[in-house]
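Now for the letters of each chain:
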Amino acid sequence: TTAIMGETGAGKTTLIRLILALLKPQQGKVEIYGSKGTDNPQTYEVSPLTRCNLVHVPQGNTLFSGTIRENLLLGNPQATEEEMREALHTACADFVLQRPGGLDALCGEMGEGMSEGQAQRIAIARALLQPGRIYLFDEACSALDDATERSILDNLEQALADKTIIWITHDDSVKARMQETLELTSSS
């Protein structure tokens, strides 16, 4: 687990875009590696082909108009109802099941009709349904209260124990839970 921290404009989101191969570095290269229990890990230069290994929860709200079920199935169209419920529970989004219509409740574009924190938790649940080895959370808990954030972090620690997790955050409590921290500084 790694926290990426830095002031606004330091390049945190740009770094995520480089990892996702949405941007090309002006110099050098960006690589991911996999060890599979060997002493000699293989490295792969990031490209659109390596994105299948990455799961991204972007900064801000990323829900689409439709049902909550449809939003979750964007993460994995073959997800079962049980898998969706488990992902919602892990993301502390059990409130969905209490809403009229449950998984089939409508949500507006950008999560209209929900709080920003509720929309963030559904976006996290959708990410949990995606296959991938590296999870990138870009300020994914910024609209949550401290207790909910702690619960989600506890749940994600267990659910993603065998995955690589990268958090972009300004929150020192998130940083304290990570194994590594990368502090970016602005070049201005």
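See the structure shown above.
These remarks concern the structure in this document. The shown structure was predicted, so the numbers you read here are calculated from the model rather than taken from an experiment.

### Observations concerning helix α6 (residues 146–159)
- Over its 14 residues, α6 extends 20 Å from the first C-alpha to the last, a length consistent with the 20 Å expected when each residue adds 1.5 Å.
- Thr148, Glu149, Ile152, Leu153 and Leu156 are the residues of α6 that are buried. Angularly, the buried residues of α6 cover 135° about the axis, an arc narrow enough to put them on a single face. With respect to the buried face of α6, the exposed residues turned more than 90 degrees away are Asp146 and Gln158.
- Where α6 begins, the capping side chain belongs to Asp145, and its oxygen is found 3.1 Å from the backbone nitrogen of Ala147.

### So, the sheet that holds strand β7 (residues 134–138)
- Overall, parallel pairing links the five strands, which are arranged β4-β7-β8-β1-β9 in an open sheet. The sheet is open, and its two edges are formed by β4 (54–57) and β9 (180–184), each paired on a single side. Strand-to-strand twist of the sheet, defined as the mean angle between neighbouring strand axes without regard to direction, takes the value 15°.
- Strand direction decides the pairing type here: β4 and β7, joined by four bridges, are parallel. Bridge assignment links Val57 to a residue of β7, and that residue is Phe137.
- Of the strands in this sheet, β4 and β7 touch helix α5 (residues 116–129), which is tilted by about 175° from β4.

### Looking at the pairing of strand β8 (residues 164–168)
- Most of β8 is tucked away: four of the five residues are buried.
- Direction of pairing for strand β1 (residues 2–6) relative to β8: parallel, over a ladder of three bridges. Bridging from a neighbouring strand, Ile4 pairs with Ile168 of β8.
- The sheet contact formed by β7 and β8 spans five bridges and is parallel. Bridge pairing in β8 links Phe137 to Trp167.
- As for the winding sense of the linkage, the β-α-β connection from β7 through α6 to β8 is right-handed.

### Focus: the nonpolar core
- Among the nonpolar cores identified, the biggest contains 41 residues, and Leu72, Ile122, Ile124, Phe137, Leu156 and Trp167 are the most heavily contacted of them.
- Looking at this core element by element, the count peaks at eight residues for α5.
- With residues up to four places along the chain from it excluded, the contact list for Ile124 reads Val57, Ala91, Phe137, Ala140, Cys141, Ile152 and Leu156.
- Among the nonpolar cores identified, the runner-up in size contains 16 residues, and Ile16, Val46, Leu136 and Ile166 belong to it.

### Details of the pairing of β1
- Burial analysis of β1 places four of its five residues in the buried class, the great majority of the element.
- Sheet analysis places β1 next to β9, joined by five bridges and oriented parallel. Bridging from a neighbouring strand, Met5 pairs with Glu183 of β9.

The rules we used
- Residues numbered from 1 in each chain as written.
- Predicted model: local features only at pLDDT ≥ 70, side-chain atom pairs only at ≥ 80, totals over all residues.
- Heavy atoms only, no water.
- Helix = DSSP H or I, 4+ residues; strand = E, 2+ residues; numbered from the N terminus.
- Expected span 1.5 Å × (residues − 1).
- Buried < 20%, exposed > 50% of the residue type's maximum accessible area, 1.4 Å probe, protein only.
- Arc of directions from axis to C-beta.
- Polar contact = N/O pair within 3.5 Å; in protein donor to acceptor, adjacent residues only side chain to side chain.
- Pairing = 2+ DSSP bridges.
- Axes fitted to C-alpha atoms, helices over the stretch in contact; angles between N-to-C directions.
- Contact = heavy atoms within 4.5 Å.
- Right-handed = clockwise from strand over helix to strand, strands pointing away.
- Core = buried A, V, L, I, M, F, W, Y, C linked by side-chain atoms within 4.5 Å.

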